[in-house]
Amino acid sequence: MTNTIYVLNGPNLNLLGMREPEIYGTDTLDDIAGMLEDRGRELGLDIDMRQSNHEGHLVDWLHEAQAEGAKAVLLNAGAYTHTSIALHDAIKSIRTPVIEVHLSDPETREPFRHISYVGMAAVDCVKGLGAQSYVVALEKAAAL
Ligand code: DQA
């Protein structure tokens, strides 16, 4: 196993910073990557941060995380969280632990966000802390 943490981000998260800042905050994905690099350095972890608007890319990257011996995956699947049985199955198909991450708390929002197919397969979840959700999830990954 390596010390690499895959941080996988799904649809629309490339627009973080300008996308509904009242819900998701003003930090961009690059800002979050910087925060994770800093904390990762302290924890002795390498960060491999990626984003795609395409479900299949996320499935491929979950498989890759296992093939490359990643220590863990932090996954903010965006709206695919609430729809994707393919992501659910991909998480269950690998032994690499996956931690679900959300900036907002989907359970306090619209009812269609209350179901999480990702959460049903992930080992843990950090949500509702804005960009800090990623940092807390990284700390949890370090302790796995
Ligand atoms: C999100 C919550 C999802 O419901 C939403 O579709 C997103 C972002 C979050 O980080 O709060 O795209 O995953």
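For the structure itself, consult the block above.
Now for a look at the structure at hand. (Residues numbered from 1 in each chain as written. Predicted model: local features only at pLDDT ≥ 70, side-chain atom pairs only at ≥ 80, totals over all residues. Heavy atoms only, no water.)

### Topic: unusual backbone geometry
Put simply, the rule reads: Numbering of helices and strands runs from the N terminus; a helix is a DSSP stretch of H or I covering at least four residues, while a strand is a stretch of E covering at least two. Only protein chains enter the accessibility calculation, which uses a 1.4 Å probe; a residue is then buried when its area is under 20% of its type maximum, exposed when over 50%, and partly exposed in between.
The phi angle at Asn-12 is positive, at roughly 75 degrees, despite the residue not being glycine. By secondary structure assignment, the location of Asn-12 is in the loop between strand E1 (4-9) and helix H1 (21-24). Judged by its relative accessible area of 38%, Asn-12 falls in the partly exposed class. At Glu-20, a position not held by glycine, the phi torsion is positive, near 35 degrees. Note on placement: Glu-20 falls in the loop between E1 and H1.

### Notes on helix H3 (residues 55-67)
In an α-helix, one full turn covers 3.6 residues, which means residues spaced three or four apart are oriented alike. Spelled out, the test is: Expected helix span is taken as 1.5 Å per residue step, with the number of steps being one fewer than the number of residues. It is the directions from the helix axis to the C-beta atoms that the arc portrays. Note on contacts: a residue pair is in contact if any heavy atoms of the two residues lie within 4.5 Å.
In this model, H3 (13 residues) spans 19 Å end to end at C-alpha, consistent with the 18 Å of a helix rising 1.5 Å per residue. Those residues of H3 that sit buried are Leu-58, Val-59, Trp-61, Leu-62 and Ala-65. The arc that holds the buried residues of H3, viewed along the axis, is 165 degrees, so those residues lie on one side. Next to the buried residues of H3 lie E1, strand E2 (46-51), strand E3 (72-76), helix H4 (85-93) and strand E4 (98-102).

### A short note on the sheet that holds E4
Worth spelling out the cut-off: When DSSP finds at least two bridges between two strands, those strands are taken to pair. Fitted lines through C-alpha atoms serve as axes, helices being fitted only where they are in contact, and the angles separating the N-to-C directions of these axes extend from 0 to 180 degrees.
Strand order in the open sheet formed by 5 strands is E2-E1-E3-E4-E5, with parallel pairing between adjacent strands. Both outer strands of the open sheet, E2 and strand E5 (124-127), are each paired with one neighbouring strand and no more. Sheet twist, expressed as the average angle between the axes of neighbouring strands with direction ignored, equals 20 degrees. As defined by bridge partners, E1 adjoins E3 across 5 bridges and the pair is classed as parallel.

### Let's talk about the pattern of salt bridges
Threshold: What makes a salt bridge here is a side-chain nitrogen of Lys or Arg within 4 Å of a carboxyl oxygen of Asp or Glu, nothing more.
One pass over the structure, following the stated rule, counts 10 salt bridges. Here Glu-139 and Arg-39 are joined by a salt bridge, their closest N and O atoms 2.7 Å apart. Of this pair, Glu-139 sits in helix H5 (residues 132-142) while Arg-39 is found in helix H2 (residues 29-43), placing the two residues 100 residues apart along the sequence. Residues Asp-124 and Lys-140 are paired through a salt bridge, measuring 3.1 Å at the closest nitrogen-oxygen approach. Highlighted residues: Asp-124 in strand E5 and Lys-140 in helix H5, separated in sequence by 16 residues. Residue class for Asp-124 comes out partly exposed when judged on its relative accessible area of 29%. Residue class for Lys-140 comes out partly exposed when judged on its relative accessible area of 34%. Taken together, the salt bridges that share partners define one network made up of Arg-39, Glu-42 and Glu-139.

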